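Take a look at the letters that make up each chain.
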Amino acid sequence: MLLTNAVNTEGRPLEIYVKDGKIAAVGQDLSALAAENETVVDAGGLTVLPAFVDLHCHWRTPGFEYKEDIETGSRAAAAGGYTFVNLMPNTKPICSSAAQAMMVEQKAAEVGLCDANQTVSITENFDGVSIDHLKTLPASVKFITEDGHGVQDNATMARAFAICTQKDITVMSHAEDMEISPWDYRLAEDIETVRNCWLSEYYQTRLHMCHVSTRGALDAIRMAKLRGAPVTCEVTPHHLWFTNDTCDYRVNPPIRTADDVEALVEGIRTGIVDAIATDHAPHSEEDKLKGMAGMVGSETAFGVCYTKLCKEEGLPLELLSHLMSTRPAEILGLAKGQLEPGYDADFVLVDLDTPYTVDKNKLHSKSHNCPFDGAQLYGRVCATVKGGELTYQQCLSEMALAGFTGCEIGNKYPTDPAELKKALDLRGMRIASRWYSSFILTRSMEEEEKDFIANLDFLAAVGANRINVSEQSYSIQGKVDVPILTGGHKHVMNDEEWDRFCKGLNRLGQIASERGFKLCFHH
C-alpha cells in the first residue's frame with residue numbers, strides 16, 4: 001500500500017509505502033516502489049500521525065460485557081485512532097493469571113481491529129496480600145497493576161517490587177491510600193505516589209504511575225526521576241480538560257483544581273509527563289446512577305488533547321504525537337509509535353482544521369458515559385490503519401481515500417455476504433462498489449440485468465440500499481448517506497452512447513426500485 005497526499009506534523013507533504021504490514025519507506029515521490037496493482041491511498045491533504053497507543057484501558061472482559069466487550073472496545077479504540085491498548089485486570093474474575101490474560105489477548109487478535117496487552121493483578125484476586133502468583137508468571141507477562149485500588153500493606157508492596165525487579169516486570173500504580181481517600185483523596189494519591197516512587201528507587205523496579213492528577217503527585221515523580229528511579233507516568237485527557245469548579249463527573253481519581261491542571265500541562269511542557277492515556281472506563285447508565293466512577297475516552301482522546309494542548313496551550317503537534325504514540329509504545333516495548341521504516345504500519349489520518357461536536361450517542365463503545373458530550377473539538381480522527389489495513393474510516397466522501405474501497409478488509413475481501421457484513425460492521429463501514437458507464441455500451445442489456453440483479457441480491461444481504469449514478473459510473477452504497485467513489489478510467493460518451501446509457505439506467509433504476517434500492521443520479 002502507498003499513502004499519498006498526506007502531510008506530517010509540520011504540514012509538509014509525506015508519503016508512506018507499506019509492505020508486509022511494516023513501513024518500508026517514508027518520504028516523497030515513492031510511487032516507483034508500488035507494484036502495478038497495489039493499493040494507492042490518497043489522504044486528501046489530511047495529517048498523518050503514528051497510530052495511538054493506550055497505556056490504560058478497560059474492556060470489561062470477562063464478567064462485565066454488558067458495559068463493554070472486546071469487539072465494541074476494539075471498535076471504539078479504532079475509531080479513536082488506537083491500534084494497541086493496555087487492559088486493566090479489574091474484571092470478573094480478576095485477571096490474576098497468564099492464562100486469562102492470554103485469552104483476552106487472543107480474542108482481541110481475532111477481532112483484528114486493535115491489539116491488546118492484558119495486565120495481571122499485583123495481589124491475587126485483589127485480596128491485598130497474596131503475591132505468590134507473581135513468582136510463577138511467564139515471561140509473556142510484563143505489567144502488573146491493582147488498578148482501581150492501591151495496595152495498602154507496605155510490606156506486600158515492597159515484596160511485589162522485589163519480585164518484579166527479578167522477573168523484569170513493570171509495576172503500574174493506581175496511587176490511592178484506601179484508608180485516607182474517603183476523607184482526603186488528594187492526600188491519598190500524593191502519599192501512595194511517594195511510597196511507590198521510593199520503592200522503585202530502592203529496588204530499581206520499573207514503575208509506571210497511572211492517571212496522575214495532582215501537583216503533589218507530579219512533584220514526587222519529578223524528584224524520583226531526578227534521583228534516578230525508573231519511573232514513568234501518564235495523565236488523562238479528562239484531567240487536562242476539566243476542573244472541579246466546572247465539572248463534577250465522577251471519575252477515579254477525581255477531577256482536580258485549576259492549579260492541578262496547570263501543573264499537569266506544565267509537566268507535559270517540561271517532559272516530566274511521559275504519556276497521555278485514556279483510562280477508558282465504560283459503565284452502563286444504571287451503574288453510573290449508582291455512583292460508579294469512570295468515563296469512556298477512546299474516541300475523544302485525541303480531539304480533547306489536540307484542542308486543549310495544541311490549540312489552547314500552543315504546544316507542538318509533534319509533542320502530542322510523542323505523548324500518545326511514541327512514548328507509550330516505548331514503555332510497552334512495541335515496534336509502534338513512529339513513522340519510520342521497520343515499524344508497524346500503524347497510522348492515523350486526522351483533520352486538524354474542521355471543528356466537530358461530540359455526540360455520545362454516536363460513539364462506538366457499548367457505554368455512553370461521556371462528559372464531553374456536546375463539546376466542540378478540533379482533531380477529528382478520519383481513518384485508522386493497522387498493519388497496512390484499514391480498521392476505521394470516518395467518512396470517505398470527506399477524505400478522498402479512494403484506494404481503500406475494495407481493499408478495506410486488508411485485501412481479504414469476503415465473498416460471503418454474512419462474513420462481509422460482519423467485517424464491515426466491525427469497522428463502522430458500508431459496502432461500496434464501482435461500475436463504469438462503458439458496461440452499458442459493451443454488453444447486452446440482458447447480460448447487464450442478470451449481473452445487476454445478482455449484485456443487488458448480494459448487496460442487499462450486507463445492508464446496502466442506495467445506488468449513486470454519474471455519467472462515468474455508478475456505485476452501490478450502504479445505509480450511511482455518503483457518496484463513496486473509487487478511482488478508474490473516465491469514458492467520454494458521444495450523444496448516441498449517452499442516449500443508450502440513459503435508457504439503460506432507466507431500466508436498471510426500475511429493477512433497483514423493485515428491490516428497495518434508491519437510485520441517485522449525479523451529472
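Treat the numbers as computed from the prediction; the structure is a model and nothing was measured. (Residues numbered from 1 in each chain as written. Predicted model: local features only at pLDDT ≥ 70, side-chain atom pairs only at ≥ 80, totals over all residues. Heavy atoms only, no water.)

Q: What should I look at first to understand the overall build of the chain in this one?
A: Per the secondary structure count, the chain includes 15 helices and 22 strands. Within the chain, the fraction of its 523 residues that count as buried is 56%. For the chain, contacts bridging at least 24 residues in sequence account for 71% of all contacts bridging at least 6. For the chain, the accessible surface area stands at approximately 21500 Å², while carbon and sulfur atoms represent 49% of it. (Helix = DSSP H or I, 4+ residues; strand = E, 2+ residues; numbered from the N terminus. Buried < 20%, exposed > 50% of the residue type's maximum accessible area, 1.4 Å probe, protein only. Contact = heavy atoms within 4.5 Å. Areas by Shrake-Rupley, 256 points an atom, 1.4 Å probe, with all protein chains shown as cover.)

Q: Whenever I open this one, the environment of F64 confuses me. Can you help?
A: Assignment of secondary structure puts F64 in the loop between β6 (52–57) and α1 (70–79). As for F64 and N90, which are separated by 26 residues in sequence, their C-alpha atoms are 9.8 Å apart. The residues contacting F64, other than those within four sequence positions of it, are N90, T91 and K92.

Q: Looking at this structure, I do not really get the sheet that holds strand β13 (residues 275–276). What am I missing?
A: The strands making up a sheet associate through backbone hydrogen bonding, with each pair oriented either parallel or antiparallel. Sheet architecture is open: five strands sit in the order β9-β10-β11-β12-β13, paired in parallel fashion. The open sheet has two edge strands, β9 (143–145) and β13, and neither has a second partner. Direction of pairing for β9 relative to strand β10 (residues 170–173): parallel, over a ladder of three bridges. Among the inter-strand pairings, I144 is bridged to a residue of β10, identified as V171. (Pairing = 2+ DSSP bridges.)

Q: Would you take a moment to explain the confidence of the model for the chain for this structure?
A: Close inspection of predicted coordinates is inappropriate for parts of the model with low pLDDT. Chain-level statistics for the chain give a pLDDT mean of 86 and a share of 82% at 70 or above. In this model, residues 432–439 is a region of pLDDT below 50 whose contacts with residues beyond four sequence positions or in other chains number 33 contacts. Low confidence marks residues 470–491, where pLDDT is under 50. Its contacts with residues over four positions away, or in another chain, come to 81 contacts. (pLDDT = per-residue confidence, 0-100.)

Q: For this particular structure, what's the right way to read the environment of E262?
A: Relative to the helices and strands, E262 is located in helix α8 (residues 258–270). In the structure, E262 is positioned 48 residues away from T214 in sequence and 9.8 Å away in space, judged by C-alpha atoms.

Q: Can you help me understand the side chain of N117 in this one?
A: In this fold, N117 is placed in strand β8 (residues 115–118). N117 has contacts with F84, V85, N86, L87, E105 and F143, leaving out every residue within four places of it along the chain.

Q: How do you make sense of the pattern of salt bridges when you look at a structure like this?
A: Opposite charge on two side chains permits them to pair, given that their charged atoms come into close proximity. The tally for this structure, following the rule as stated, stands at 23 salt bridges. Residues R12 and E10 are paired through a salt bridge, measuring 3.4 Å at the closest nitrogen-oxygen approach. Comparing R12 with E10 shows no difference in burial state: the two are exposed. The partner of R206 in a salt bridge is D168, with the nearest N and O atoms 2.7 Å apart. Note that R206 is positioned in the loop between α5 (185–203) and β11 (207–209) and D168 in the loop between α4 (154–167) and β10, a separation of 38 residues in sequence. Accessibility expressed as a relative area gives 37% for R206, which makes it partly exposed. Bridged by salt links that share partners, the residues K22, K336, D344 and D346 form one connected network. (Salt bridge = Lys/Arg side-chain N within 4 Å of Asp/Glu carboxyl O.)

Q: Got a minute to help me understand the packing of α5 against helix α6 (residues 215–226) in this structure?
A: For any two helices packed against each other, one specifies the inter-axial angle together with the distance between the axes. One can describe the packing of α5 onto α6 by two numbers: an axis separation of 8 Å at closest approach and a directional angle of 10°. In terms of their interaxial angle, α5 and α6 are classed as roughly parallel. Every residue of α6 that contacts α5 at R186, E189, D190, T193, V194 and C197 is listed here: R215, G216, A217, A220, I221 and A224. Counted by class, the contact of α5 with α6 contains six nonpolar, two polar and four charged residues. (Axes fitted to C-alpha atoms, helices over the stretch in contact; angles between N-to-C directions. Parallel < 35°, antiparallel > 145°, perpendicular 65-115°, else oblique. Nonpolar A, V, L, I, M, F, W, Y, C, P; charged D, E, K, R; others polar.)

Q: What exactly am I supposed to notice about the side chain of E189 here?
A: Topologically, E189 is positioned in helix α5. When its relative accessible area of 2% is taken as the criterion, E189 is described as buried. Residues within four places of E189 in sequence aside, it is in contact with A175, H211, V212, S213, T214, A217, P253 and R256.

Q: Would you mind showing me how to read the sheet that holds β8 here?
A: Spatially, β6-β7-β8 is the arrangement adopted by the three strands of the open sheet, whose pairing is parallel. On the outer flanks of this sheet lie β6 and β8, each paired with one strand and no other. Each strand axis lies, on average, 15° off the axis of its neighbour in the sheet, ignoring direction. Here strand β7 (residues 82–87) runs beside β8; their pairing, made up of four bridges, is parallel. Each bridged residue has a counterpart across the sheet, and for F84 the counterpart in β8 is D115.

Q: Sorry if this is basic, but what is going on with the pairing of strand β12 (residues 231–235) here?
A: Look at any regular strand and the pattern is simple: side chains alternate between the two faces of the sheet. Of all five residues that make up β12, five are buried, and the element is covered over most of its length. Alternating positions in β12 separate into two faces, V231, C233 and V235 on one and T232 and E234 on the other, with burial throughout. Bridge count for β11 against β12 is three bridges, and the pairing is parallel. Considered in β12, the bridge of H208 is made with T232.

Q: Is there a simple way to think about the nonpolar core in this case?
A: Buried together is how nonpolar side chains tend to be arranged in soluble globular proteins. Counting residues in each nonpolar core, the largest one holds 74 residues, and the members touching the most others are W59, I276, F302 and L320. Discounting residues that sit within four places of it in the chain, I276 has contacts with V235, P237, L240, I268, C305, L309, L320, L323 and M324. Listed in part, the 19 residues of the second largest apolar core include M1, L3, L14 and L46. (Core = buried A, V, L, I, M, F, W, Y, C linked by side-chain atoms within 4.5 Å.)

Q: What is the right way to look at unusual backbone geometry in this model?
A: Where the residue is not glycine, phi is negative for most of them; where a peptide bond is considered, it is trans in most cases. Residue P93 follows K92 across a cis peptide bond; omega there is 5°. Relative to the helices and strands, P93 is located in the loop between β7 and α2 (98–111). Note the cis peptide between N252 and P253, where omega equals 5°. Among the structural elements, P253 can be located in the loop between α7 (237–241) and α8. With phi around 55°, D29 is a residue other than glycine that occupies positive phi space. Locating D29 in the fold gives a position in the loop between β3 (22–27) and β4 (40–42). Residue D29 is classed as exposed on the basis of its relative accessible area of 67%.

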